[in-house]
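Okay, here's what each chain looks like letter by letter:
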Amino acid sequence: MPSFAAIPDRVQPMSPEDAERLANVRPGGWRRPKPLSVYQLVVIGAGPAGLVAARAAAALGAHVALIERHQLGGDCLNDGCIPSKSLIRTGRLLADMRDATNFGAVPPAERVFDFRAAMLRMRRITARISRTDSAMNLAREGIHVFFGTARFTSASTVDVDGMPLCFKKALIATGSRSMLPDVPGLAEAGFLTNETVFDLQVLPKSLLVIGGGPLGCELAQVFARFGSRTLISHREPLFLPLEERDAAQMVSDALARDGVEIHLNSTATKVWMEGDQRVVELVNDGNTATTRVDHILTGIGRVPAVQGLNLEAAGVAYDAANGVHVDDFLRTSNPRIFAAGDVCLQHRYTNTAEASARIVVRNALFLGRRRMSALTIPWCTYTDPEVAHVGLHVKQARQRRIPVKTFTIPMHDVDRAIADSEENGFVKIHVREGSDKILGATIVARHAGEMINSVSLAMVAGIGLRALANVVQAYPTQGAAIKQAADACVRTRLTPTLFKLARWWLLR
Ligand SMILES: Cc1cc2nc3c(=O)[nH]c(=O)nc-3n(C[C@H](O)[C@H](O)[C@H](O)COP(=O)(O)OP(=O)(O)OC[C@H]3O[C@@H](n4cnc5c(N)ncnc54)[C@H](O)[C@@H]3O)c2cc1C
């Protein structure tokens, strides 16, 4: 059985940047507010879901208590999106420098990369973004911020390290934790997770990443670009299990180009120490090989953080694998208690956590009937090229017996992608056959995360693919690939009869 990573005690500042972040997200000497007799909303967990809900409810006049056991901002700010994207940017610069001659520039004579400076930049960025979600700001917005571990004591009360709080409504937004592979010897040898990798002081000479999901692929590429000998092992035949095969293959090719040693269909079966190196046994199709690395980073997935909440006392149904059970309105089995974000949803992304929190505020406090299933939520893996998706995959559409027609534009047919030497990738838009209703899209491109938003916009606004052909875009842009797909869709309207008619009209 996989187990859970322990949260490291990172309250000791490592740099002035860290000190600034901590002063915002976990200020020393924070004075607990005097609790009200009852809160309209008690929010447990101050990650993206909890913060959005607390702020929206307080802005509408509700009395809100927000409980956080670790650091405001949750995984996204402190151990996830922001630190990883900051390092990814450095990795991208290094990849561009490697490719300098292609652009007519002279590549640096020797490798010039300062890991500590890159990590400091990441800390500066995280500290800067932490200002928005600082405890002081939240208090100014009228939110009662309590630092401590929340535990339900009844259907309408929660305890924060000995202090009872009563609520009319509560939101469980406790997020998720790293899942750890059950590999003999791994715990004894020591390993990194997203909760510790951003604290590295020295660039590892070698790194094995276990797990080829978004986190594993993003960080494997980053460390390879930084100059670590990087290996990635993944149980399945392709990375990114949520993505279409051709997209996942492109990521695999990109990692290989960056020098990542790829071990697909491969399982780590044993770890032990030799000197200060970790030796890992990897099994692939019955063949056993060993490899030595400085560090092991695990990224095999996430598990909902439900431990210790005493959900039984509150009558909230849950299980360890899927987290808190919610209906489409995000209500739990206790009608006073709702859940949002990673703790209850299959798609574990910041935008999903925030969108679900907004639904909870409406449904819990204003008798709203917003449904989670009504949302259209894109996501993106920030490898280079990025892989972004929205809506249905072809396979899902077929399972639902929806006939699909797909329009694909390779990025090497897009003028701006050619000009930028960023030709790896494609835009694929799926419509319901016989119409132009957009069912979903996958984009693999250097800026796929930016590009997917216009497809999402069209889907949410109910705009068909053909209508996108009428949008005059700035030229040249990589987003033109979407318009080119729309143009291809328009051309399918030209049936042989219409063509004959047009020809007759023109040549009459
Ligand atoms: C390395 C990495 C990179 C990522 N990159 C992206 C990305 O690029 N884009 C994207 O959309 N998503 C990304 N994600 C996912 C994103 O971080 C999560 O989906 C998001 O943070 C979930 O928000 P949340 O509010 O549900 O939970 P969390 O952010 O996990 O916050 C939950 C909070 O609850 C607190 N808590 C837990 N239990 C208790 C308790 N009993 N009492 C009090 N407090 C408690 C925790 O300390 C935590 O602060 C990434 C994740 C990782 C790990």
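With respect to the nonpolar core
Thinking step 1. In terms of nonpolar packing, the biggest core is built from 62 residues, with Phe152 and Ile172 touching the most fellow members.
Thinking step 2. With residues up to four places along the chain from it excluded, the contact list for isoleucine 172 reads Ile44, Phe152, Leu309, Leu311, Val316, Val324, Ile337, Phe338, Ala339, Ala340 and Val343.
Thinking step 3. Counting residues in each nonpolar core, the second largest holds 31 residues, with Met122, Val209, Phe223 and Val444 among its members.

Examining the sheet that holds strand S11 (residues 261-263)
Thinking step 1. In spatial order, the strands read S11-S10-S9-S15; together these four strands make up an open sheet with parallel pairing. For this open sheet the edge positions go to S11 and strand S15 (295-298), each flanked by a neighbour on one side alone. Each neighbouring strand pair of the sheet contributes to a mean axis angle of 20 degrees, computed without reference to strand direction.
Thinking step 2. Here helix H8 (residues 214-226) sits on the sheet in contact with strand S9 (206-210), strand S10 (229-233) and S15, set at roughly 165 degrees to S10.

Side note on helix H17 (residues 496-507)
Thinking step 1. Its 12 residues place the ends of H17 16 Å apart at the C-alpha level, agreeing with the 16 Å of an ideal helix rising 1.5 Å per residue.
Thinking step 2. For H17, a buried count of zero out of 12 residues is recorded, marking the element as mostly open to its surroundings.

Examining the site of the ligand
Thinking step 1. Inspection of the region around the ligand gives 38 residues, with Glu68, Asp75, Lys85, Asp342 and Thr350 positioned closest.
Thinking step 2. Between the ligand and the protein, one listed contact pairs an oxygen atom with a backbone N or O atom of cysteine 76 at 3.4 Å.
Thinking step 3. Separating an oxygen atom of the ligand from a side-chain N or O atom of lysine 85 is a distance of 2.7 Å.
Thinking step 4. In the complex, 92% of the free accessible area of the ligand, which totals 990 Å², lies under the protein chains.
Thinking step 5. Listed by contribution, the elements that provide at least two residues to the shell around the ligand are helix H2 (48-59), strand S3 (64-68), helix H3 (74-78), helix H4 (81-98) and helix H11 (350-365).
Thinking step 6. Among the residues making up the shell around the ligand, the classes are represented as 14 nonpolar, 16 polar and eight charged.

A closer look at helix H9 (residues 245-257)
Thinking step 1. Spanning 13 residues, H9 covers 18 Å between terminal C-alpha atoms, matching the ideal 18 Å at 1.5 Å per step.
Thinking step 2. All buried positions along H9 are accounted for by Ala247, Ala248, Val251, Ser252, Ala254 and Leu255. Down the axis of H9, the smallest arc covering the buried residues is 160 degrees, so these residues share one side. With respect to the buried face of H9, the exposed residues turned more than 90 degrees away are Arg245 and Arg257.
Thinking step 3. For H9, the elements touching its buried residues are H8, S10, S11, strand S21 (386-391), strand S23 (426-432) and strand S24 (438-445).
Thinking step 4. Phi turns positive, to about 95 degrees, at glycine 259, one or two residues after H9.

Remarks on the packing of aromatic side chains
Thinking step 1. In the structure shown here, the tally under the stated rule is eight aromatic pairs.
Thinking step 2. With a centroid separation of 6.1 Å and 80 degrees between ring planes, the pair formed by phenylalanine 152 and phenylalanine 167 is classed as edge-to-face. With phenylalanine 152 in strand S5 (residues 150-152) and phenylalanine 167 in strand S7 (residues 163-172), the pair connects residues that are 15 residues apart, well separated along the chain.
Thinking step 3. Phenylalanine 152 gets classed as buried once you look at its relative accessible area, which sits at 0%.
Thinking step 4. Here tryptophan 504 and tryptophan 505 contribute two aromatic rings whose centre-to-centre distance is 6.4 Å and whose plane-to-plane angle is 50 degrees, an arrangement assigned as tilted.
Thinking step 5. In textbook terms, an aromatic cluster arises when at least three aromatic residues are bridged by ring pairs, as seen for Phe113, Phe115, Phe223 and Phe226.
Thinking step 6. Over the aromatic face of phenylalanine 329 sits the side chain of arginine 369, whose NZ or CZ is 4.0 Å from the ring centroid.

A short note on unusual backbone geometry
Thinking step 1. Looking along the chain, the bond that leaves aspartate 384 and enters proline 385 is cis, with omega of 5 degrees.
Thinking step 2. Considering the arrangement of structural elements, one finds proline 385 in the loop between strand S20 (379-381) and S21.
Thinking step 3. Unusually for a residue other than glycine, asparagine 265 sits at a positive phi of about 50 degrees.
Thinking step 4. Assignment of secondary structure puts asparagine 265 in the loop between S11 and strand S12 (266-274).

What about the side chain of glutamate 244?
Thinking step 1. With respect to the secondary-structure elements, glutamate 244 resides in the loop between S10 and H9.
Thinking step 2. Among the polar contacts listed, one links the side chain of glutamate 244 to the side chain of histidine 430, at a separation of 3.2 Å.
Thinking step 3. In contact with glutamate 244, not counting residues within four places along its chain, are His393, Val394, Lys428, His430 and Thr442.

Side note on the packing of H4 against helix H5 (residues 115-130)
Thinking step 1. The N-to-C vectors of H4 and H5 enclose an angle of 140 degrees; their axes lie 9 Å apart at closest approach. Our classification of the angle between H4 and H5 gives oblique. For the pair H4 and H5, the sense of crossing is right-handed. Each of Ile82, Pro83, Ser86, Leu87, Arg89 and Thr90 in H4 lies in contact with H5, whose residues at this interface are Ala118, Met119, Arg121, Met122, Ile125, Thr126 and Ile129.
Thinking step 2. Split by residue class, the contact of H4 with H5 holds eight nonpolar, three polar and two charged.

As for a nonpolar patch on the surface
Thinking step 1. On the surface, Leu494, Leu498, Phe499, Leu501, Trp504, Trp505, Leu506 and Leu507 cluster together to form a nonpolar patch covering roughly 940 Å² of accessible area.
Thinking step 2. With respect to the helices and strands, leucine 501 occurs in helix H17.

Some points on the pattern of salt bridges
Side-chain pairs of opposite charge can arise where the charged atoms are in close proximity.
Thinking step 1. Taken as a whole, this structure holds 23 salt bridges when the rule is applied.
Thinking step 2. Across the pair aspartate 327 and arginine 331 runs a salt bridge, and its minimum N-O distance is 2.8 Å.
Thinking step 3. Relative accessible area serves as the criterion here: at 29%, aspartate 327 is assigned to the partly exposed category.
Thinking step 4. A cluster of three or more residues bridged by salt bridges with shared partners is formed by Asp96, Arg98, Arg225, Asp258, Asp384, Glu422 and Arg446.

Thoughts on the confidence of the model for the protein chain
Detail in the predicted coordinates should be disregarded across regions flagged by low pLDDT.
Thinking step 1. Mean pLDDT over the protein chain: 95, with 97% of residues reaching 70 or higher.
Thinking step 2. Every residue in residues 1-13 scores below 50 in pLDDT, and together they form 36 contacts with partners more than four places removed in sequence or on other chains.

Thoughts on the sheet that holds strand S14 (residues 287-293)
Thinking step 1. Within the open sheet, the three strands sit side by side as S12-S13-S14. Their pairing is antiparallel. Of all the strands in the sheet, the pair left with one neighbour each is S12 and S14. Mean inter-strand twist for the sheet, computed between neighbouring axes without regard to direction, equals 25 degrees.
Thinking step 2. Across eight bridges, the pairing between S12 and strand S13 (residues 277-284) is antiparallel. Its bridge partner lying in S13, glutamate 274 is registered against glutamine 277.

Rules behind the numbers
Residues numbered from 1 in each chain as written. Predicted model: local features only at pLDDT ≥ 70, side-chain atom pairs only at ≥ 80, totals over all residues. Heavy atoms only, no water. Core = buried A, V, L, I, M, F, W, Y, C linked by side-chain atoms within 4.5 Å. Buried < 20%, exposed > 50% of the residue type's maximum accessible area, 1.4 Å probe, protein only. Contact = heavy atoms within 4.5 Å. Pairing = 2+ DSSP bridges. Helix = DSSP H or I, 4+ residues; strand = E, 2+ residues; numbered from the N terminus. Axes fitted to C-alpha atoms, helices over the stretch in contact; angles between N-to-C directions. Expected span 1.5 Å × (residues − 1). Near = heavy atom within 4 Å. Polar contact = N/O pair within 3.5 Å; in protein donor to acceptor, adjacent residues only side chain to side chain. Areas by Shrake-Rupley, 256 points an atom, 1.4 Å probe, with all protein chains shown as cover. Nonpolar A, V, L, I, M, F, W, Y, C, P; charged D, E, K, R; others polar. Arc of directions from axis to C-beta. Phe/Tyr/Trp six-rings, centres within 6.5 Å; stacked < 30°, edge-to-face > 60°. Lys NZ or Arg CZ within 6 Å of the ring centre and 35° of its normal. Parallel < 35°, antiparallel > 145°, perpendicular 65-115°, else oblique. Left-handed = near helix turned anticlockwise from the far one by under 90°. Patch = residues over 30% accessible without salt bridge, like charges linked within 9 Å, V, L, I, M, F, W, Y side chains within 5 Å. Salt bridge = Lys/Arg side-chain N within 4 Å of Asp/Glu carboxyl O. pLDDT = per-residue confidence, 0-100.

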